[in-house]
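# Chain and residue survey
Take a look at the letters that make up each chain.
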Amino acid sequence: MSKANIVSFAEKKAELQSKADFLDFLADDIKSQPDSIKPIPTGLLSRIQALRTKAEQSRRSELLEG
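These notes cover the structure that comes with them. Note that the coordinates shown come from a computational prediction; the quantities given were computed from them, not determined experimentally. (Residues numbered from 1 in each chain as written. Predicted model: local features only at pLDDT ≥ 70, side-chain atom pairs only at ≥ 80, totals over all residues. Heavy atoms only, no water.)

## Examining the overall build of the protein chain
Here is the rule we go by: By the criteria applied, helices consist of DSSP H or I runs no shorter than four residues and strands consist of E runs no shorter than two, each listed in order from the N terminus. The quantity called the radius of gyration is restricted to C-alpha atoms. Its globule counterpart is 2.2 Å times the number of residues to the power 0.38. Each residue's exposure class comes from its accessible area (1.4 Å probe, protein chains only) as a fraction of the maximum for that residue type: buried when under 20%, exposed when over 50%, partly exposed otherwise. Residue-level accessible areas treat just the shown protein chains as cover; the underlying method is Shrake-Rupley with a 1.4 Å probe.
Broken down by element type, the protein chain carries 2 helices and 0 strands. What you see for the protein chain is a C-alpha radius of gyration of 19 Å, clearly larger than the 11 Å of a compact globule of 66 residues, by over 25%. Seen through its C-alpha atoms, the protein chain measures out along the principal axes to roughly 50 × 35 × 5 Å. Buried positions account for 0% of the 66 residues belonging to the protein chain. When the accessible surface of the protein chain is split by element, carbon and sulfur atoms take 60% of a total near 6,600 Å².

Take a look at the structure:
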């Protein structure tokens with residue numbers, strides 16, 4: 001078995017801990033400053049969706065070409 005197929009539990013645990021730490025930070029920030037939460041404007045959401053669609057199409061064409 002090659003080393004490329006081996007998953008390091010220490011790395012995975014550190015990654016999960018990092019995500020948990022960020023979510024804890026985010027939760028604390030939301031609790032301490034709830035007025036800072038704002039909805040995403042419709043125009044921005046539409047632009048994000050268009051970019052994601054374009055990126056997905058680009059990714060698929062690269063996979064087909066490569």
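Continuing now.
## As for the pattern of salt bridges
Formally: Whenever Lys or Arg places a side-chain nitrogen within 4 Å of a carboxyl oxygen from Asp or Glu, that contact is recorded as a salt bridge.
Evaluation of the coordinates by the stated rule reveals 3 salt bridges. Where Lys19 meets Glu15, a salt bridge forms, and the shortest distance between an N and an O atom there is 3.4 Å. One end of the pair, Lys19, and the other, Glu15, are both in helix H1 (residues 9–32), 4 residues apart, so they sit about a helical turn from each other. Given a relative accessible area of 47%, Lys19 falls into the partly exposed group. By relative accessible area, which is 38% here, Glu15 ends up partly exposed. In this structure, the salt-bridge partner of Arg60 is Glu56, at a minimum N-O distance of 2.8 Å. Here Arg60 pairs with Glu56, and both are found in helix H2 (residues 42–65), just 4 residues apart, close to one helical turn. We classify Arg60 as exposed; its relative accessible area is 52%. One salt-bridge network, in which partners are shared between bridges, spans Glu56, Arg59 and Arg60.

## Considering a nonpolar patch on the surface
Quick reminder of the rule: Like charges within 9 Å and nonpolar side chains (Val, Leu, Ile, Met, Phe, Trp, Tyr) within 5 Å are joined into patches, using only residues over 30% in relative accessible area that form no salt bridge.
On the surface, a cluster of nonpolar side chains totalling about 590 Å² of accessible area is made up of Phe22, Leu23, Phe25, Leu26, Ile30 and Ile37. Along the polypeptide, Phe22 turns up in helix H1. By relative accessible area, Phe22 is classed as partly exposed at 49%.

## Topic: the environment of Ala14
By secondary structure assignment, the location of Ala14 is in helix H1. Assessed through its relative accessible area of 47%, Ala14 is described here as partly exposed. Counting along the chain gives 22 residues from Ala14 to Ser36, while the straight-line C-alpha distance between them is 30 Å.

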